[in-house]
Amino acid sequence: NAGVMQNPRHLVRRRGQEARLRCSPMKGHSHVYWYRQLPEEGLKFMVYLQKENIIDESGMPKERFSAEFPKEGPSILRIQQVVRGDSAAYFCASSPVVGGETQYFGPGTRLLVL
Amino acid sequence: GQNIDQPTEMTATEGAIVQINCTYQTSGFNGLFWYQQHAGEAPTFLSYNVLDGLEEKGRFSSFLSRSKGYSYLLLKELQMKDSASYLCAVTFNDYKLSFGAGTTVTVRA
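These numbers come from a predicted model, not from an experiment.

Asks: Please clarify how the overall build of chain A should be interpreted in this entry.
Replies: Check the secondary structure of chain A and you find 0 helices and 11 strands. Along its sequence from the N terminus, chain A presents helices and strands in the succession β-β-β-β-β-β-β-β-β-β-β. The C-alpha atoms of chain A give 13 Å as radius of gyration, which agrees with the globular expectation for 114 residues (13 Å, within 12%). Seen along its three principal axes, the alpha-carbon backbone of chain A occupies a region of about 35 × 25 × 25 Å.

Right, here's the structure in full:
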């Protein structure tokens, strides 16, 4: 049973470009969460999605960031017009149900903005 | 509120025991998780506590006191491979994990 998969593992972008990060949850999991880990800081919640629905995006910056989890295919975290401050590790987690259930994390995408 | 606090670093010798404490604000508390994260890798689930008391899993144990807003992760018979960051994470009223900054444990021979 494959775990949570994320790609790419490393992504380098220049300021102003777009970054697309992909996450495939564990088989049987329909809940996806995105977290960001800045250097020397703890993970911070960004957004929670179910298939075709954004349930909670309270941790996501209002501008330039968007997320989706289509009926088919992986969840996508999209960052437009990246800035140096977006450099971080972005982790996706999934769970089979919501509320108290363990979230299992993917290996992360390390974004570096030059 | 969250304010999840844990020590930044701890060092111990191979074969020893280390206890990593975590405190949090009790308002809205749901449950507490411990994750292990090796450098450059994904956090991996270690334990989940929702009721008071000690949960033991092999060399790792986790304790929770809901009234005191306190948990600890106990690592016994330390091995070199246990050198990692240990993350305390709490859910408050919902599903979002609120993480502490992590405790880096270094195991020395």
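Asks: Sorry, what's going on with the state of the cysteines here?
Replies: By definition, a disulfide is the covalent link that joins the sulfur atoms of two cysteine residues. Per the stated rule, a full pass over the model turns up 2 disulfides over all chains. Here Cys23 of chain A engages in a disulfide with Cys92 of chain A; their sulfurs sit 1.8 Å apart. What sets the handedness of the Cys23 of chain A and Cys92 of chain A disulfide is the S-S torsion sign, and at about -50° it is left-handed. Placement of Cys23 of chain A in strand 3 (residues 19-24) and of Cys92 of chain A in strand 9 (residues 88-95) is noted, with a sequence separation of 69 residues between them. Accessibility classification places Cys23 of chain A together with Cys92 of chain A in one group, the buried group. Between the sulfur of Cys22 of chain B and that of Cys88 of chain B lies a disulfide, 2.0 Å long from S to S. The disulfide joining Cys22 of chain B to Cys88 of chain B has a torsion of about -70° about its S-S bond and is therefore left-handed. Residue Cys22 of chain B is found in strand 2 (residues 18-23), and its partner Cys88 of chain B is found in strand 8 (residues 84-92); the two are separated by 66 residues along the sequence. An identical accessibility class is assigned to Cys22 of chain B and Cys88 of chain B; each is buried.

Asks: I tried to follow the pattern of salt bridges on my own but got confused; where do I start?
Replies: One pass over the full model with this rule turns up 6 salt bridges over all chains. Its salt-bridge partner being Arg78 of chain A, residue Glu18 of chain A comes within 2.9 Å of it at the nearest N-O pair. With Glu18 of chain A in the loop between strand 2 (10-13) and strand 3 and Arg78 of chain A in strand 8 (residues 75-79), this pair connects stretches of sequence that are 60 residues apart. A salt bridge links Lys76 of chain B to Glu56 of chain B, with the shortest nitrogen-to-oxygen separation between them at 3.6 Å. Here Glu56 of chain B lies in strand 5 (residues 53-57) and Lys76 of chain B lies in the loop between strand 7 (70-75) and strand 8, a separation of 20 residues in the sequence. A residue is classified by how much of its surface remains accessible, and Glu56 of chain B, at 54% relative accessible area, is exposed.

Asks: Is there a simple way to explain the sheet that holds strand 6 (residues 60-65) of chain B in this structure?
Replies: As a general point, the strands of a sheet are linked pairwise by backbone hydrogen bonds and lie either parallel or antiparallel. Residues and elements named next belong to chain B. Strands sit in the order 2-7-6-5 across an open sheet of 4 strands; the sheet is antiparallel. Only two strands of the sheet have a single neighbouring strand rather than two, namely strand 2 and strand 5. Averaged over all neighbouring strand pairs, the angle between strand axes comes to 15°, with direction disregarded. With 6 bridges joining them, strand 2 and strand 7 adopt antiparallel strand pairing. For Thr23, the partnering residue across the bridge sits in strand 7 and is Tyr70.

Asks: It is not clear to me how the layout of surface pockets should be interpreted in this structure. Could you clarify?
Replies: One simple way to see leftover space: roll a probe sized like a water molecule over the atoms. In this structure, the largest pocket encloses a volume near 570 Å³. Around the largest pocket sit 22 residues that line it, and Gln37, Glu40 and Glu41 of chain A together with Gln37 and Ser85 of chain B are the ones nearest its centre. Among the residues making up the lining of the largest pocket, the classes are represented as 10 nonpolar, 8 polar and 4 charged.

Cut-offs and rules
Residues numbered from 1 in each chain as written. Chains lettered and ligands numbered in written order. Predicted model: local features only at pLDDT ≥ 70, side-chain atom pairs only at ≥ 80, totals over all residues. Heavy atoms only, no water. Helix = DSSP H or I, 4+ residues; strand = E, 2+ residues; numbered from the N terminus. Rg over C-alpha atoms; globule rule 2.2 N^0.38 Å. Disulfide = S-S within 2.5 Å. Buried < 20%, exposed > 50% of the residue type's maximum accessible area, 1.4 Å probe, protein only. Salt bridge = Lys/Arg side-chain N within 4 Å of Asp/Glu carboxyl O. Pairing = 2+ DSSP bridges. Axes fitted to C-alpha atoms, helices over the stretch in contact; angles between N-to-C directions. 1 Å grid on protein atoms, 1.4 Å probe; cavity = no way out; pocket = protein on both sides within 12 Å on 5 of 7 lines; lining within 4 Å. Points joined across faces, edges and corners; volume = space filled by probe spheres on them. Nonpolar A, V, L, I, M, F, W, Y, C, P; charged D, E, K, R; others polar.

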